[in-house]
Amino acid sequence: MTAEPAVAPDHGQYAGDFTGGGGFAADEGFAGTGGFTGAGEPDDAARRLYLSILAEGGRIPFTGVHETDHAAIQQLVDIGLLMPNAMDACYTAVSPRSVTDRLGAELRSEATRLLVRAENLPGALDGLTRAYDAMPRPPGRAGGAVYVEGHVHIRQRISQLVSDCRAEVLTAQPGHRPADTLQVARLQDVQLLQRGCSLRTIYQPVAFADQSALAYADEVTRHGSLIRVLDEPFQRLIVFDRTVAVISASEDNSTAAFITDPAAITFLVGAFERDWARADTTEAAAALGHGPARSTPDRVGRLLARGLTQRAVATRLGLSERTVAAHISRLRDRYGAQTLFQLGWLMRGSRDDR
């Protein structure tokens, strides 16, 4: 009695007569706009199975496939490294070279299609771009300052400037930043950095007391943002592409001035660069867990070395004068200083100015 031939497993697009060694249908990863799905790279299990099939002569009967190998077999068939042969009731190994040629041609075709889409995209969005550029902006004379009132309107205008930015943003952010503000800023700033723009920010040490601020700083620095810490007072400032500067115009930050005067912007950028040069990269790294943290006595000593009085140090660090006096006493013992002036002088020679 003649044995009944085994039924070929159902592999979708591969069903039918394979005796002619016919071509495979195009990889479904290229259907529509989906793009290549990565099917040209077999996983470890599929690689091992393919090598074992080669060791057996490049063929494996349908009935010889172990149940645990079904997923690997399907993967190899999908990639094109195995061809199910219904006539011989077996899988036949296909040269990886021919698979590489086929998938390479498909990838190049897909890349060409994507490049064409990229070239056509500005034209496709041209109407929307014109509408965005024509959107009403706050009125004001050219080269002067436009005052915007209300936190909502200020954030909206800053969001527009972030989306319009093409090269650089400079920011000085004193004090705390609310968690909801940081959440919005993180999304905007990451997109800004991903577009290739640079972002430099100066903070005060108190800014890193909140977990939300640390999370924001960690996220943006991973995308290339630069952060420094300046342990002294400075004003809130944002400069976009050195063409528009935003400063606070009220004590509660409910009014902001948007400045476009070139001379004023040059002055503000110069002030930022001076603060940036004095700001500390070590303290920012410590806050983000990338370096050793400075102790309170060290911070007291650094401010003394800058010539600040005991009262000024207490105000700067938010400590009582009695607490600062205690730190100074211990620092005097450590450095063998008799006077406050001598202590500041001795610490000036040993402090880290990076």
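Residues numbered from 1 in each chain as written. Predicted model: local features only at pLDDT ≥ 70, side-chain atom pairs only at ≥ 80, totals over all residues. Heavy atoms only, no water.

**Student:** What exactly am I supposed to notice about helix 10 (residues 296-305) here?
**Tutor:** With 8 of 10 residues buried, helix 10 is to be regarded as a mostly interior element. Those residues of helix 10 that sit buried are Pro297, Arg299, Val300, Gly301, Arg302, Leu303, Leu304 and Ala305. Positive phi appears at Gly307, one or two residues downstream of helix 10, with a value of about 100 degrees. (Buried < 20%, exposed > 50% of the residue type's maximum accessible area, 1.4 Å probe, protein only. Helix = DSSP H or I, 4+ residues; strand = E, 2+ residues; numbered from the N terminus.)

**Student:** For this particular structure, what's the right way to read the sheet that holds strand 6 (residues 198-203)?
**Tutor:** Whenever strands of a sheet pair, they do so through backbone hydrogen bonds, lying parallel or antiparallel. In space, the 7 strands of this open sheet follow the order 4-10-9-8-5-6-7, with mixed pairing throughout. Each edge of the open sheet carries a strand with a single partner, namely strand 4 (145-149) and strand 7 (226-229). Going across the sheet, the axis of each strand differs from the next one's by a mean of 15 degrees, ignoring polarity. Bridge count for strand 5 (residues 168-173) against strand 8 (residues 237-240) is 4 bridges, and the pairing is antiparallel. Across the sheet, residue Ala172 finds its bridge partner in strand 8, namely Leu237. Its contacts with the sheet put helix 5 (residues 151-164) on strand 4, strand 8, strand 9 (244-248) and strand 10 (255-259), and the angle it makes with strand 10 is roughly 30 degrees. (Pairing = 2+ DSSP bridges. Axes fitted to C-alpha atoms, helices over the stretch in contact; angles between N-to-C directions. Contact = heavy atoms within 4.5 Å.)

**Student:** Explain the state of the cysteines here, please?
**Tutor:** Formally, a disulfide is one covalent bond, and it connects the sulfur atom of one cysteine to the sulfur atom of another. Within this structure, the stated rule accounts for 0 disulfides. Free of any disulfide, Cys165 has its nearest cysteine sulfur in Cys197, 4.2 Å distant. (Disulfide = S-S within 2.5 Å.)

**Student:** Mind showing me how you'd approach unusual backbone geometry here?
**Tutor:** For residues that are not glycine, phi is negative in most cases, and the peptide bond is trans in most cases. Phi at Ala89 takes a positive value of approximately 55 degrees, unusual for a residue other than glycine. Note on placement: Ala89 falls in the loop between strand 2 (82-85) and strand 3 (90-93). Residues other than glycine seldom take positive phi values, yet Asn253 does so here, at roughly 60 degrees. Along the chain, Asn253 turns up in the loop between strand 9 and strand 10.

**Student:** How do you make sense of a nonpolar patch on the surface when you look at a structure like this?
**Tutor:** Taken together, the side chains of Leu121, Leu125 and Leu128 make up a nonpolar region of the molecular surface, amounting to roughly 290 Å² of accessible area. In this fold, Leu125 is placed in the loop between helix 3 (96-124) and helix 4 (126-133). (Patch = residues over 30% accessible without salt bridge, like charges linked within 9 Å, V, L, I, M, F, W, Y side chains within 5 Å. Areas by Shrake-Rupley, 256 points an atom, 1.4 Å probe, with all protein chains shown as cover. Salt bridge = Lys/Arg side-chain N within 4 Å of Asp/Glu carboxyl O.)

**Student:** I tried to follow the nonpolar core on my own but got confused; where do I start?
**Tutor:** Burial of nonpolar side chains together is a common tendency in soluble globular proteins. Ile158, Val169, Leu192, Tyr216, Phe240, Val246 and Phe258 are the most contacted members of the largest nonpolar core, which totals 29 residues. If we ignore the near neighbours within four places in the chain, the residues touching Tyr216 are Arg177, Leu182, Ala185, Arg186, Asp189, Leu199 and Tyr203. Ile53, Ala72, Ile73 and Leu103 belong to the second largest nonpolar core, which has 20 residues in total. (Core = buried A, V, L, I, M, F, W, Y, C linked by side-chain atoms within 4.5 Å.)

**Student:** What should I look at first to understand the pattern of salt bridges in this one?
**Tutor:** Note on pairing: side chains with opposite charge can pair once their charged atoms come close. Tallying each qualifying case throughout the model produces 10 salt bridges. A salt bridge links Arg113 to Glu110; the shortest N-O distance between them is 2.6 Å. Of this pair, Arg113 and Glu110 both sit in helix 3, 3 residues apart, roughly one helical turn. Glu110 sits in the buried class, given a relative accessible area of 8%. The residue Arg222 makes a salt bridge to Glu219 at a minimum N-O spacing of 2.4 Å. Here Glu219 and Arg222 lie together in helix 7 (residues 211-222), a separation of 3 residues that amounts to about one turn. Residue classification places Arg222 among the exposed positions, given a relative accessible area of 57%. Within the structure, one salt-bridge network assembled from shared partners comprises Glu168, Arg200, Arg242 and Glu273.

**Student:** Where do I start with the packing of helix 1 (residues 44-55) against helix 2 (residues 70-79) in this structure?
**Tutor:** Helix-helix packing is characterised by the crossing angle of the two axes and by the distance between the axes. Orientation of helix 1 relative to helix 2, taken along the N-to-C sense of each, is 80 degrees, at an axis distance of 9 Å. Looking at the two axes, helix 1 sits roughly perpendicular to helix 2. In this structure, helix 1 uses Ala45, Ala46, Leu49, Tyr50 and Ile53 to contact helix 2, whose residues at the interface are Ala72, Ile73, Gln75 and Leu76. The class makeup of the residues in the contact of helix 1 with helix 2 is 8 nonpolar, 1 polar and no charged. (Parallel < 35°, antiparallel > 145°, perpendicular 65-115°, else oblique. Nonpolar A, V, L, I, M, F, W, Y, C, P; charged D, E, K, R; others polar.)

**Student:** It is not clear to me how the sheet that holds strand 3 should be interpreted in this structure. Could you clarify?
**Tutor:** Taken in spatial order, the 3 strands of this open sheet run 1-3-2, and their pairing is antiparallel. One side of each edge strand has no neighbouring strand; the edge strands of this open sheet are strand 1 (59-61) and strand 2. Strand-to-strand, the axes of this sheet are offset by a mean angle of 25 degrees, without reference to chain direction. Where strand 2 and strand 3 come together, 4 bridges link them in antiparallel fashion.

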